[in-house]
Amino acid sequence: MASAAGGGAGRTRVRRRLRLLSLGTTFAVAFAAVTATVTMLVGLLSYSAAARLVRVDQQSVFDEVVQDLRAEVRENRMTPVDFSSTAPGHDLVRPARTDVQVLAPDGSVFDPGSPGLPVVAADRRVAAADTAGQVVTHGDVGVGDEVYRVATVALGGSRGAVQVAQSFSDTEDLLRALQRRTLVLTSAVVVAAGLFGWWLARRITRRLVVLTDAAEDVARTRRLGIQVPVAGHDEVGRLGRAFDRMLGRLAQSEEDQRRLVQDAGHELRTPLTSLRTNISLLRRIDELPPGTREELVADLTQEARELTDLVNELVDLAAGQSDSEPPQRVDLADIAEDVAGLARRRSGREIVVRASGDTTTEGRPGMLTRALSNLVENAVKFDRDGNGPVEIAVAGPARPGTVRVEVLDRGPGIDDDDLIRVFDRFYRAPAARSLPGSGLGLSIVREVSLTHGGAPYAFRREGGGTVIGFTVAGVEARGEA
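Only a predicted model underlies this, so the values are computations on that prediction, with no experimental measurement involved. (Residues numbered from 1 in each chain as written. Predicted model: local features only at pLDDT ≥ 70, side-chain atom pairs only at ≥ 80, totals over all residues. Heavy atoms only, no water.)

1. Focus on the sheet that holds strand β3 (residues 135-143)
- Taken in spatial order, the five strands line up as β2-β1-β5-β4-β3 in an open sheet, and their pairing is antiparallel. Each edge of the open sheet carries a strand with a single partner, namely β2 (109-111) and β3. The average undirected angle you get between the axes of adjacent strands in this sheet is 30°.
- Relative to strand β5 (residues 161-167), strand β1 (residues 98-103) runs antiparallel, the two being bridged by six bridges. Among the inter-strand pairings, glutamine 101 is bridged to a residue of β5, identified as glutamine 163. (Pairing = 2+ DSSP bridges. Helix = DSSP H or I, 4+ residues; strand = E, 2+ residues; numbered from the N terminus. Axes fitted to C-alpha atoms, helices over the stretch in contact; angles between N-to-C directions.)

2. Structural notes on the sheet that holds strand β12 (residues 466-473)
- Reading across from one edge, β7-β9-β10-β12-β11 is the order of the five strands in this open sheet, with mixed pairing throughout. One side of each edge strand has no neighbouring strand; the edge strands of this open sheet are β7 (351-357) and β11 (456-460). Mean inter-strand twist for the sheet, computed between neighbouring axes without regard to direction, equals 15°.
- Here β11 runs beside β12; their pairing, made up of five bridges, is antiparallel. Following the sheet pairing, proline 456 is matched in β12 by phenylalanine 470.
- Against the sheet, helix α7 (residues 332-347) makes contact with β7, β9 (390-396), β10 (402-408) and β12, and its axis sits at roughly 175° relative to β7, the strand it touches most. (Contact = heavy atoms within 4.5 Å.)

3. Considerations on the pairing of strand β4 (residues 146-154)
- Of all nine residues making up β4, seven are buried, and the element is well covered by its neighbours.
- Relative to β4, β3 is paired through seven bridges, and the arrangement is antiparallel. Paired with valine 143 across the two strands is glutamate 146, which belongs to β4.
- Here β4 folds back onto β5 in antiparallel fashion, the turn holding six residues, of which glycine 156 has a positive phi close to 85°. (Buried < 20%, exposed > 50% of the residue type's maximum accessible area, 1.4 Å probe, protein only.)

These results come straight from atomic positions and should not be treated as a statement about function.
Quick look at the structure:
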C-alpha cells in the first residue's frame, strides 16, 4: 500500500512538473518576461529623461535669476536697503520656491530670508568685495528640512551682498512621486502582460493540446482511424490537417498490408496444397508407372516455378509500395527499348516500340521497368498464337504534363466485366485461370503508376486484342508540384 501511494504521489509530481513545463506556461512566462523587461526599460528611460529635464529647467531658472541680479547691481549703484523686503518697491522679484536674504557690508544679515540662510566666510568676503556682480555659489545647503542651492552676489564698493536661494526639495519630492507612480504603472503592465500572455498561450496551444491528445491516443490504442478536430488556416491548422492526412495514409497502408497478407495467404495455399499432395506420392514413386512418374515430376517442377513466381511478384509488389530507389530523370522511350529487347530474347516474339513527343519524367527507373515488363509479359502470355507483333507505345504528353505508356496485343481480349477488375490483386479472369500466373502483375503496374502521379487503364482494341497501359506525370507537372 505504501509503495502504491508513493507511486501515485510520484505520478502526481510528474504531471505537475509537466504542466509547469508546458508550452503554454513557457509562452506566458516568456511573454511576461519580455513585456516586463521592455516596460521597465521604457519606464526607467522615461523617468530619467523627465527627471533630467525638470532639474535642468530648475537650474536654468535659478541661473537666470542670478544673472539678472548680477546685471542689475553692475548697472546701478545699489545698497542693501534697495533689496530689503520691508522697503516699498524693493528691486528683486522673488520667483516661486526662491528665498532672498540681504547681507550688510560686514557680512551680517541685514534683511533675513524666510527661512534664514546660513552665512559662511566666502559669503562675507563677497559682501565686502569692491567689484559689483562677484558671485559665489553653494549646492545642497540644508536649512531645516529643506535643501537649497545658494548664490551670493556682491553689490560692490563694500556695500554688502544679496543671497538668492532656490529650494529643490519640492522638485525631488515631485520626482520621487513620479518614480513611485512609474513603478506602480510598470508593475500593473507586467501583471496585465502576464495575464494576457497566459490567455494567449491557452488560446494558441489549445489546438496543440488536441493534437497531442490525438497522438497519445494513437500510441496507446494503435487505432489510426481517429479524426483530428483541428481547424484554422495558420501553422497549427496546417499541422492538424497534415497530421490527419498522415493518419489516413497510415490507416490505408495498414489496410493494404493486411489485405496483401490475407490475399497472399489465400493464393499460397493452392500451390502448397498441390505440392504436399505430389510430395506424398513421391513415397510410392517406385510403384508408379514411368509415364505417371514423368507427369509427377513435371507437376512438381511447374508448381515450384509458379510458387517461385508468386513469391517474386509478392516481393515486387511490396517493394513497389516502399521503394527506396531515388527518383531521377528518365526517358520512358529508352526503358521501353530495353524491355522490348529483353522480351524478344526470352520469347522470340516480335516486339515493336513506337515513341512520340517528350517522354521524359522524374521517376524510379527500376519500378517503371518492372511495370512495363509486366505488361509485355502479360501480352506475350495471352497472345500465344502470335498473329502480329506486340506493340509498345510511348507518347508524351497525352494531356498537359502526362506521359502515356501502353502495350497493344492481338490476343483474345478481355471481357467488359473483367476490364474494371484486371488491376485488382490476385484477380484472374475465368479464361486466364488455366494459364500460369498469380494475378499480381497488373497490380504492380497500378502501384507504380499511382506512385508516379498517374493511373492505369485498359480497354479492348479495335480489330481484336487488348490495350493495357498507364500514365505518369511528366517533368513539367512534377516541377510544378
